[in-house]
Each structure stands twice: as structure tokens, then as C-alpha cells.
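# Results of the structural survey
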Amino acid sequence: MKIALIAHNKKKDEIIELSKRYQDVLAEHELYATGTTGTLIMGETGLPIHRMKSGPLGGDQQIGAMLAGGELGLIIFLRDPLTAQPHEPDVSALLRLCDVQKIPLATNASSATIMLEALKNGTFFSHSC
């Protein structure tokens, strides 16, 4: 399955810790990430990740294009709801596309943990990739 990993700046540490904790699970899948997030996760885990541009520079839209094309099966997007984002319209569009395409979306570490545990246990099913 193709999985996208995205995190706002204040959530980078959380997505790194999550990636380290579930490194064995993530290693079984094709990973995509926005620029900085992908670089940080690769540096901490050694996982191969296809890196897009940084979110504010179009990375969210690149992930969105993959989503619209039916190429992704899961998105983990650790959002910071308390900080205004300069690319908020791109973020909103990405979330809307997940709903339209019926792609599972984790927006915090707790929901991401549930989804990664389901992948680990073989109980996660997505109608997509």
C-alpha cells in the first residue's frame, strides 16, 4: 500500500516517534512524504521515502494529486490545529479529497496508532492502493 506521511512543524517530533515505533510496519509499504517531514523520518529510521515538496511550497497539493488519482491507501497527517497555516486552503483540500476518495486519514498520533496497529495485525483494509 502507498502511505503518505505529513506533519505540521509542531508535530514533526510526533511523526518521527511514530515512524520509529512502527518502522517495521512502514517498511512493508511504499512511503511518500512532504519535504521536511520525509527528510526527518528518513534520517531517524532509514526508511525509503519518496519526498514531495514542502507542504507550503506545493507538497500538500502533490499528495492531493496522488490522492485524486487513486494512488494512496492511507494518509497520516499530524496537524497542528492551534497554529494558523499559510497553506490552509491546500490542507483543507487534502482533507476533503480523503473524504471524497474514502481514504483513511489519521490527523493525530492516537488515530495514526490505531491505523498502524491495524496494519500490523492485518486487520486494516482499504479499498485503494
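This section reports on the structure supplied with the text. (Residues numbered from 1 in each chain as written. Predicted model: local features only at pLDDT ≥ 70, side-chain atom pairs only at ≥ 80, totals over all residues. Heavy atoms only, no water.)

## Details of the overall build of the protein chain
Helices and strands together make up the secondary structure of the protein chain, namely six helices and five strands. Ordering the α and β elements of the protein chain from the N terminus gives β-α-α-β-α-β-α-β-α-β-α. For 129 residues, the compact-globule estimate of 2.2 N^0.38 gives 14 Å, and the C-alpha radius of gyration of the protein chain, at 13 Å, lies within 12% of that figure. Seen through its principal axes, the protein chain has C-alpha atoms that stretch 35 × 30 × 25 Å. Counting only residues that meet the buried cut, the protein chain has 47% of its 129 residues in that class. Across the protein chain, every contact between residues at least 6 apart in sequence was considered, and the portion connecting residues at least 24 apart equals 69%. For the protein chain, the accessible area works out to roughly 6400 Å², and carbon and sulfur atoms hold 53% of it. Mean positive and mean negative side-chain charge positions of the protein chain (12 and 14 charges, respectively) differ by 3 Å. (Helix = DSSP H or I, 4+ residues; strand = E, 2+ residues; numbered from the N terminus. Rg over C-alpha atoms; globule rule 2.2 N^0.38 Å. Buried < 20%, exposed > 50% of the residue type's maximum accessible area, 1.4 Å probe, protein only. Contact = heavy atoms within 4.5 Å. Areas by Shrake-Rupley, 256 points an atom, 1.4 Å probe, with all protein chains shown as cover. Lys, Arg positive; Asp, Glu negative; His and termini not counted. Charge placed at Lys NZ, Arg CZ, Asp CG, Glu CD.)

## A short note on unusual backbone geometry
Unusually for a residue other than glycine, Lys102 sits at a positive phi of about 60°. One can find Lys102 in the loop between helix 5 (88-101) and strand 5 (105-106). Its relative accessible area of 62% is what places Lys102 among the exposed residues.

## Re the pattern of salt bridges
Per the counting criterion, the structure on display carries three salt bridges. Three or more residues are tied together by salt bridges with common partners; here these are Glu17, Lys20 and Glu44. (Salt bridge = Lys/Arg side-chain N within 4 Å of Asp/Glu carboxyl O.)

## What to know about the side chain of Thr45
Following the sequence through the fold, Thr45 ends up in helix 3 (residues 35-45). Judged by its relative accessible area of 11%, Thr45 falls in the buried class. A polar contact of 3.1 Å, which involves the side chain of Thr45, links it to the backbone nitrogen of Leu47. Look past the residues within four positions of Thr45 in its chain and what remains in contact with it is Ser19, Lys20 and Gln23. (Polar contact = N/O pair within 3.5 Å; in protein donor to acceptor, adjacent residues only side chain to side chain.)

## Notes on the environment of Glu14
On the secondary structure map, Glu14 appears in helix 1 (residues 12-21). The class of Glu14 is partly exposed, set by a relative accessible area of 32%. Here the alpha-carbon distance between Glu14 and His29, two residues 15 residues apart in the chain, equals 20 Å.

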